[in-house]
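Residue-level structure breakdown
If you want the building blocks of each chain, they are given just below.
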Amino acid sequence: MKRTATRRQFIKGLSVATAALALPAAQYSRVLGANEKLRVGSIGTGGKGWSDLNGVAASPAVEVTALCDIDSSAAHLGRAATKYSSAKTYADWRKLLDNQAEVDGVIVSTPDFMHAPVSLAAMQLDKHVFCQKPLTHTVFEARQMQLAAKKHDLVTQMCNQIQSHTAYRTAVKIVHDGMIGKVKEVHSWQGGTPSWPCNIDRPPGSDPVPDTVAWDLWQGVAPRRPYKKGIYHPFNWRGWQAYGTGQLGDFGCHILDPVFKSLLLTSPLELTAEAPELKPETWTDKATVRYLFPQTQYTAGDTIAVTWYDGAGVRPSRENMSAIPANVDLPGAGSVLIGEKGSLIIPHVAMPKLFLNGSTEETKVEPVPSVDHYVQWADACRGEAETTSHFDYAGPLTETVLLGTVGIRFPGQTLKWDAQKMEIPNFTEAQPWLTKEYVKGWEPAWV
Ligand SMILES: NC(=O)c1ccc[n+]([C@@H]2O[C@H](COP(=O)([O-])OP(=O)(O)OC[C@H]3O[C@@H](n4cnc5c(N)ncnc54)[C@H](O)[C@@H]3O)[C@@H](O)[C@H]2O)c1
């Protein structure tokens, strides 16, 4: 499997990005008066975008002024245009941004491969961004998003909304309060069966493009291929390497989030994946990635291992989980943090279960209330709150998740990670997979 983006291209992009770090942050975005509304544009209004739009618009301080979707049918642009009838509608997000004076911020709820191209263009126009998880499609794009938000001093939020749910907030507090002591190892998993295509080849032929769908606009920065009904748009793009990030990409930014937040993780030192050989165009339906991170104030030892597992029915071994009584089942998806004083199960999504060493009973804890992840972004854009999944946090989390998807291409091979240089110094064959090629005319403008 070869990737054509050369190492030189990557390093060129990286040096531009690193130079941008030296630029002073500047506040260009419009300063809102006390009674002024935050004008929001929504890009990708069907699927999860519908609840993203309604979630942000739940703030009385928000006015929805622009809606964009490549599919004009009822389930996509249609119902959003009916509900927010005063908003201008677009099929092409570039046209929405051409009329940039209409919006102060955008919601980006497109498939993964368009998050960075859309968000970077918006940030370069000084628009605040609320973007779906995973933040990007490649590691390089994730670093770019972090740099752009910093350079333009914008309010950003990745939509791993469970971070703001009482379940995950309570789990983070348990660790920060020292209840399980310093953490010795972590296991995180998604044991569901992917509901999108895995391990298949591209189906032959093409189907007529529905009148409501702008297929060229859907493909955006990705290489052109024929439209096939039910194969890519909507939802099933997840299983295809050109558009999605597979099971780890789909769930990693949720399930690994309380691990990152509680242990204050940033970049791994190395990772090693195990997975079946990939088909040329789709992701696999099962993988394991063992990450090693440097120690933090909440971990024991010089390094901390965080192991990710995905696949139908998968669970980590109960070895070293002696604090968890044998009659307590592990959930279908979630994490276990094994600490010096006890173990914590963090189900995805339910209240955490705390077991202290030597006790056979679950220890009850006071729940931390939820906050509204969507309205928090709108409030923060107005200077009335701070976001918790801003791109300074979501960038490194997404980089880690997507490094795992690079590792899946090279099973059994340990990849060392130099986060500062953005290099895999011990295995340069993997380096090109940190980025990708963009279709001519659609190349993002890097920071
Ligand atoms: N946070 C969560 O819990 C959660 C849940 C589901 C999906 N997601 C994320 O939301 C994003 C969308 O996933 P989905 O399941 O809704 O996908 P989907 O394909 O069902 O919906 C995507 C929507 O965006 C539109 N669209 C596609 N390309 C576009 C473009 N270039 N410009 C404008 N509109 C475009 C589609 O027509 C559709 O309405 C993904 O990044 C996914 O990972 C997050």
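Here, every reference points to the structure presented above.
As a starting point, this report considers the structure included with it. (Residues numbered from 1 in each chain as written. Predicted model: local features only at pLDDT ≥ 70, side-chain atom pairs only at ≥ 80, totals over all residues. Heavy atoms only, no water.)

1. What to know about empty space enclosed by the protein
- In the structure shown here, the tally under the stated rule is one cavity of 30 Å³ or more.
- When its volume is computed, the largest cavity comes out at roughly 50 Å³.
- Surrounding the largest cavity, Thr245, Gly246, Gln247, Leu248, Trp283, Thr284, Lys286, Ala287, Asp310 and Ile408 form its lining.
- With three residues, the single largest contributor to the lining of the largest cavity is helix H9 (residues 246–255).
- Taken together, the residues that form the lining of the largest cavity break down as four nonpolar, four polar and two charged. (1 Å grid on protein atoms, 1.4 Å probe; cavity = no way out; pocket = protein on both sides within 12 Å on 5 of 7 lines; lining within 4 Å. Points joined across faces, edges and corners; volume = space filled by probe spheres on them. Helix = DSSP H or I, 4+ residues; strand = E, 2+ residues; numbered from the N terminus. Nonpolar A, V, L, I, M, F, W, Y, C, P; charged D, E, K, R; others polar.)

2. Some points on the pattern of salt bridges
- Enumeration over the complete set of coordinates arrives at 19 salt bridges.
- Close ionic contact of Arg94 with Asp92 constitutes a salt bridge, the shortest N to O distance being 2.8 Å.
- One salt bridge connects Glu384 with Arg382, and the closest N-O pair in it is separated by 3.8 Å.
- Residue Arg382 is classed as buried on the basis of its relative accessible area, which comes to 16%. (Salt bridge = Lys/Arg side-chain N within 4 Å of Asp/Glu carboxyl O. Buried < 20%, exposed > 50% of the residue type's maximum accessible area, 1.4 Å probe, protein only.)

3. As for the side chain of Gln247
- Along the chain, the position of Gln247 falls in helix H9.
- Taking relative accessible area as the criterion, Gln247 reaches 4% and is therefore assigned buried.
- Once you skip the residues sitting within four places of it in the chain, Gln247 turns out to touch Gln190, Gly192, Pro194, Trp196, Gly252, Trp308 and Asp310. (Contact = heavy atoms within 4.5 Å.)

4. Quick word on the packing of helix H2 (residues 48–57) against helix H11 (residues 373–381)
- The interhelical angle for the contact between H2 and H11, taken along N-to-C directions, is 55°, at an axis separation of 8 Å. Judged by the inter-axis angle, H2 sits oblique to H11. For the pair H2 and H11, the sense of crossing is right-handed. Judged by residue contacts, Lys48, Ser51, Asp52, Gly55 and Val56 of H2 engage Tyr374, Val375 and Trp377 from H11.
- A per-class count over the contact of H2 with H11 returns four nonpolar, two polar and two charged. (Axes fitted to C-alpha atoms, helices over the stretch in contact; angles between N-to-C directions. Parallel < 35°, antiparallel > 145°, perpendicular 65-115°, else oblique. Left-handed = near helix turned anticlockwise from the far one by under 90°.)

From the geometry alone we can't say anything about function, so treat these as descriptive.
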